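What follows is the residue order along each chain.
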Amino acid sequence: MRFRMSVAVAAVVAVVVAALPGSATAAPDRHHGVGAWEPAPQAPFELPAGARCEFAVRVEPIVDEVRKLTFATYPDGAPKRELFTGALINRVTNLETGATSTADASGTSLVDYRTDGSMTWYVTGPVLLGFRENAGTLPKGLWIVDGQFRVEFSPTYDKTITMLHGTTHNVCTDVD
């Protein structure tokens, strides 16, 4: 899996860097909004019963080596396009029973942000996505989505997944 992910990361970086105006290398280029790799840690979070799982749940990173590279920014400095990659293993805990499970969310995502608050993720590998009731293409839950796919986020974070190939798994079932 690591070899496949390394090849995928290299391919995404090569395509994005090649598409940048005047870019011949991946060297930082402040003129075009390209910066250096930065840590992008995930904060732990809790959700009440019924929000994603039928019970209260806590998600916390136990391995978090995610970093991001900003390729383009809007005139106000807000990110327009970023690449996220790195190991991310989350512990998912049912707060009612104490049952725990781990979820590998170590995928690579190229993210395009729009000014209306919507965004598109182009993903290779696993990511953890939460779905509210009737708010996307998957039922309510905490889902590991793995493979190659695109996720369209509306300004209210409804999610539409277009799967090229891959799998989905509701992590709520692991700690039920």
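Everything below is about the structure shown above.
Residues numbered from 1 in each chain as written. Predicted model: local features only at pLDDT ≥ 70, side-chain atom pairs only at ≥ 80, totals over all residues. Heavy atoms only, no water.

S.K.: Whenever I open this one, the packing of aromatic side chains confuses me. Can you help?
M.R.: Counted according to the given criterion, the structure contains two aromatic pairs. An angle of 45° between the planes, with centres 4.7 Å apart, marks the rings of W121 and F153 as tilted. One end of the pair, W121, is in strand β9 (residues 119-124); the other, F153, is in strand β11 (residues 141-153), and 32 residues separate them in sequence. The two residues W121 and F153 agree in class, both being buried. Consider the rings of F153 and Y157, whose centres lie 6.5 Å apart with planes at 80°: the pair is edge-to-face. Relative accessible area serves as the criterion here: at 6%, F153 is assigned to the buried category. Chaining the aromatic ring pairs together yields one cluster made of W121, F153 and Y157. (Phe/Tyr/Trp six-rings, centres within 6.5 Å; stacked < 30°, edge-to-face > 60°. Helix = DSSP H or I, 4+ residues; strand = E, 2+ residues; numbered from the N terminus. Buried < 20%, exposed > 50% of the residue type's maximum accessible area, 1.4 Å probe, protein only.)

S.K.: Would you mind showing me how to read the pairing of strand β8 (residues 108-113) here?
M.R.: For a regular strand, the rule is simple: side chains alternate between the two faces of the sheet. Most of β8 is tucked away: five of the six residues are buried. Relative to β8, strand β5 (residues 79-85) runs antiparallel, the two sharing four bridges. Residue R81 lies in a different strand from β8, and its bridge partner there is D112. Relative to β9, β8 runs antiparallel, the two sharing six bridges. Pairing of T108 across the sheet is with T124, part of β9. (Pairing = 2+ DSSP bridges.)

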